[in-house]
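Survey of secondary and tertiary structure
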Amino acid sequence: MKDKFYITTAIDYLNAEPHIGHAYQKIVADVLARWNKVLGKEVFFLTGSDEYGQKVAKTAQEKGVTPKQLVDKLSKKFKQEWKSLDVDFDRFIRTTDIDHKKKVKEFVRLMEKKSDIYKGEYSGKYCLGCEAYITEKDLVKGRCKFHPNKELKELKEKGYFFKLSKYQNKLLELYEENPNYILPKFRRKEIINRVKEGLKDLNITRSKFDWGIKFPIDEKYVLYVWYEALLNYITGIDWPNEKFKKFWPANVQLLGIDNGWFHCVIWPAMLMSVGIKPANTILINGFLTFNGQKISKSLGNAISPTDLVKKYGSDSIRYFVCRNFVFGQDGDFSERALVQRHNDELANKLGNLVSRVSGLIEKNSEEKCENKLLKKLNEKKIEKLFENYEFDKVLNEIFSFIDVCNEYVQNKKPWETSRKPEVSSSSFLEKERKNKKVLYELKESILKIAELLWPFIPESSEKIKKQFSAKKIKKGEILFKKIDI
RNA sequence: AGCGAGAUGGAGCAGUCUGGAGUGCUCGUCGGGCCCAUAACCCGGAGGUCGUGUGGUUCAAAUCCCACUCUCGCUACCA
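Definitions and limits used
Residue positions are given per chain, counting from 1 as you read along its sequence in written order. For naming, the first written chain is A and the first written ligand is 1, with later ones following in the order written. Since the coordinates come from a predicted model, pLDDT governs what is reported: local features require at least 70, and pairs of side-chain atoms require 80 or more to be given and counted, while whole-chain, interface and lining totals use all residues. Heavy atoms from the whole structure form the basis of all side-chain values; hydrogens and water molecules are not counted. Think of a 1 Å grid over the protein atoms and nothing else: a 1.4 Å probe that fits but is trapped marks a cavity, an open set flanked by protein within 12 Å on at least five of seven lines marks a pocket, and residues with an atom within 4 Å of a point count as lining. Grid points are joined across faces, edges and corners, and a volume is the space filled by probe spheres set on the points. Per the convention used, a helix needs a DSSP run of H or I reaching at least four residues, while a strand needs a run of E reaching at least two, with both numbered from the N terminus. Ten residues, namely Ala, Val, Leu, Ile, Met, Phe, Trp, Tyr, Cys and Pro, are considered nonpolar, four, namely Asp, Glu, Lys and Arg, are considered charged, and the remaining ones, Gly among them, are considered polar. In this text, buried Ala, Val, Leu, Ile, Met, Phe, Trp, Tyr and Cys residues form a nonpolar core when linked through side-chain atoms within 4.5 Å. The cut-offs for exposure are 20% and 50% of the maximum accessible area for each residue type, with area from a 1.4 Å probe on protein chains only; residues under the lower value are buried, those over the upper are exposed, and the others partly exposed. Whether two residues are in contact is decided by their heavy atoms, any of which lying within 4.5 Å being enough. Between rings of Phe, Tyr and Trp, where Trp is taken as its six-membered ring, a pair exists when centres lie within 6.5 Å; planes separated by under 30 degrees are stacked, by over 60 edge-to-face, and by other angles tilted. Comment: the charge-over-ring label is applied if NZ (Lys) or CZ (Arg) is within 6 Å of the ring centre and within 35 degrees of the ring normal. Comment: axis = line fitted to C-alpha atoms, over the contacting stretch for helices; angle = value between 0 and 180 degrees taken between N-to-C directions. For classification, angles of less than 35 degrees are called roughly parallel, those exceeding 145 degrees roughly antiparallel, those between 65 and 115 degrees roughly perpendicular, and all remaining angles oblique. Here the arc refers to the set of directions running from the helix axis out to each C-beta atom. Throughout this description, a polar contact denotes any pair of N or O atoms lying within 3.5 Å of each other; where both atoms belong to protein, one of them has to be capable of donating a hydrogen while the other can accept it, and for residues adjacent in sequence the pair is counted only when both atoms sit in side chains. Salt bridge, as applied in this entry: a Lys or Arg side-chain nitrogen positioned within 4 Å of an Asp or Glu carboxyl oxygen.

Applying the stated criterion to the full structure yields 1 cavity of 30 Å³ or more. Counted as a void, the largest cavity has a volume near 40 Å³. Every residue along the wall of the largest cavity is listed here: Y24, V28, V321, C322, F325, V326, F327, F391 and D392. The set of elements that each furnish at least two residues to the lining of the largest cavity consists of α1 (20-38), α12 (314-324) and α15 (391-412). Class assignment of the residues belonging to the lining of the largest cavity gives a composition of 8 nonpolar, no polar and 1 charged.

Shown next, in the form of C-alpha cells:
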C-alpha cells in the first residue's frame, strides 16, 4: 500500500481580502504536497475558509450585506487566488459547509459525554467600541487602545466551558515526547513556556451575536469560532469514517504564528478529549512584509496575489517565496528582489541552460551513454533538506547543479562540431560523437532538474519535461522572459 | 513586564545547535575568457577586527558562557 501524506493549511478568516501573506502559506503547502507526490505518496491537501464569528458579522453589516453574502463572495475570491498560483488542493472546506456543521455538533456531544464541557461564567473587560472583550495586550492605560474615549465595562456572562486546564500536563508530555510536534524549534519553546505558565478553561460559546454554529446542548448559544473552525481538519476528511481513518493524523498542519496558540494548545487538547491522536507536526511559517511594509488593511497595501501573478507569473512568485526566505522566519516580499531572482536565476541560469542545450541538440542530436554529469547531483541531500522544510536550501542545491551544467557546456564546447567540414576526418567524427554524448548527459540532467523543480515551478517544469522528452528535441520558446526593473 | 528571535564585506542572507585559518550564496564592483545560448555562460580579484565589552572558558570562539546596546515577534476567550 502507498504511504499517505495529509497536509492542511490555516483556513483564512473572511473579513478581509486575500494578500501575499496568505498566499505564501498556501504555496508552501502546495510545494510539500507536490513533493510528496513525487515521492510516490497518496496525498490529500486541505485548505479553506473560516466564515463564522463576530467580526464577519460586523464587516457584513458595515458593507450592508448579509454575512452569508459576504462569505460567499470572499470564499470564491480566496479560492480563485490559490488557483491562479497553481495551488492544487483536494478540498476547499468552508466552515459554513453542511457536513462541517453537522460533524461539529457531533464532536461537541462526544466531548460532553467525556465530561469535558461544563456551564460556567466568564468575566472580562468589555469594550463597547469593539463590541468585544479586550485582552491585556490591547489595554493602554487601562483603556482599549482602539477606543480610548470609551469606558471599559467589567462584564459577566454565562457560557459553556471546555476543561482545557485539565490537559496541561498531557500537552507538555505531548511536546516532550514528540520534539517535532511543533516546528520550528524556537516556536516550540515559546509554546512550552507559555503552557507551563498555566492554562485556563476555554469559553466555547457566545451569546452576543448569532452568526455561528448553534451550540447543540443549549441553542441559545453559538459556538466560539475557533473551537468550531479547528475541527475543519477532521470534518474536511469525513471524520469518523473511511477517509478520516486513512488520512488522519495529518502529517503536516501549516499555519502562521498568529494561530499558533490555538493549533498547538487548544486543538490537540480537543482531540485528546475525545481520544483522537494529534497531528504529527504543527509547522509554523513566518510572516511577510510587502516591500518593507507591514501588510494591513489600513495601509491599503494588500495587493492581491492574482495581480502579482499577472505581473510576474505564478512560477516566479512561487520560486521567489521558497528561495528567498528561510522557512519559519519572517521575510520581506520585495518586488525588486523578486525581479532580481527571476532574471538572474530563472532566466539567466535555468532558462538559458534549457535554451542553449535544446538548441545544440537540435543541431547536433545526441547519443546515449553513461551519465557522469548527473552523478554530481546530490539527491539524498535534497530529500534531507525537504524533510527539514529548508526550501531555500533545496533550491540552492538544485541551482548549484544548474551551475554545474552550465559550466559543463562551457568546458566541453559541444558547439564546436555543429558545422561539418566538407570532408569529415576521423578525428572530427570522433569529436562529434563525444559531443553528442555530452548533449545526452545534459538532456538527462535537465529532465531531472525539471522533476525536482516541479513542486516549486510546476508550469515551467512541465514545459521542460515535454520539450526534452520529445523524439526530436527543438529549441522552444523562451521559458522566462526577463523583467525590466 | 514575561517569553522568544535577530545584529556577519556596499546591500540581502547562510554558517552558530555539534568550536578548528572569516568559510559560503545572491546582488553590486573590477579584470579576464567564451561565442552554443535569453547582452546570456565560465574563470579570477578587491572589499568584513562576524552588534558592544578590550569580559570569561579553551591550544583554538562568528560559533560555548556572562553582561550590555539596538531591532523584531508572541503574550488565549475579535480572529
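This next bit is on the nonpolar core. Counting 148 residues, the largest nonpolar core has Y175, W248 and L350 as the members making the most contacts within it. Other than its neighbours up to four places away in sequence, Y175 contacts Y181, I182, R188, I191, I192, V195, C264 and V265.

With respect to the helices and strands, the residue D210 is situated in the loop between β12 (205-206) and β13 (222-223). Sequence separation between D210 and N15 is 195 residues, and the spatial gap between their C-alpha atoms is 16 Å.

This part is about the packing of aromatic side chains. Applying the stated criterion across every chain, the model contains 28 aromatic pairs. Between Y175 and Y181 the ring centres are 6.2 Å apart and the planes differ by 25°, which places this aromatic pair in the stacked class. Each member of the pair, Y175 together with Y181, is buried. Ring pairing ties together the aromatic residues Y6, F44, Y233, F244, F247, W248 and W267, which thus form one cluster. Above the face of the W454 ring, R34 is positioned so that its terminal group lies 4.9 Å from the ring centre.

Look at α1 against α12: their axes get within 10 Å of each other, and the N-to-C directions meet at 90°. The angle between α1 and α12 places the two elements in the roughly perpendicular class. Contacts between α1 and α12 involve I20, Y24, I27, D30, V31 and R34 from the first element and I317, R318, V321 and C322 from the second. Residue composition of the contact of α1 with α12, grouped by class: 7 nonpolar, no polar and 3 charged.

Turning next to the layout of surface pockets. Each pocket or cavity is described by its volume, and for the second largest pocket that value is around 670 Å³. Around the second largest pocket sit 26 residues that line it, and L183, F386, E387, N388 and Y389 are the ones nearest its centre. Of all elements in the fold, only α1, β15 (281-285), α14 (379-387) and α15 reach the threshold of two or more residues within the lining of the second largest pocket. It is α14 that contributes the most residues to the lining of the second largest pocket, 4 residues altogether. Here the residues of the lining of the second largest pocket sort into 12 nonpolar, 6 polar and 8 charged.

Among the residues of helix α11 (residues 305-312), those classed as buried are P305, L308, V309 and Y312. Relative to the axis of α11, the buried residues are bounded by an arc of 105° and lie together on one face. The outward face of α11, more than 90 degrees from its buried face, is lined by the exposed residues K310 and K311. Looking at the buried positions of α11, the neighbouring elements they touch are α1, α3 (67-84), β16 (288-290), α12, β17 (331-333) and α13 (335-364). Immediately downstream of α11, the backbone of G313 shows phi near 90°, a positive value.

By the element assignment, N364 lies in helix α13. Given a relative accessible area of 8%, N364 falls into the buried group. Engagement of the side chain of N364 in a polar contact is seen with the backbone oxygen of L360, the distance being 2.8 Å. Not counting residues within four places of it along the chain, the set of residues in contact with N364 comprises P414, T417, S418, K436 and L439.

Further remarks concern the pattern of salt bridges. Think of it this way: side chains of opposite charge can pair up when their charged atoms draw near. This model, assessed by the stated rule, comprises 30 salt bridges. As a salt-bridge pair, E190 and R187 come within 3.3 Å of each other at their nearest N and O atoms. Of this pair, E190 and R187 both sit in helix α6 (residues 185-196), 3 residues apart, which is roughly one turn of the helix. Relative accessible area serves as the criterion here: at 37%, E190 is assigned to the partly exposed category.

Residue placement: N348 occurs in helix α13. On the basis of relative accessible area, N348 is assigned to the partly exposed category, the value being 32%. Along the backbone, N348 and K481 are 133 residues apart, and their C-alpha atoms lie at a distance of 9.5 Å. Excluding residues that lie within four positions of it along the chain, N348 makes contacts with N343 and K482. A distance of 3.1 Å separates the side chain of N348 from the side chain of K482, its partner in a polar contact.

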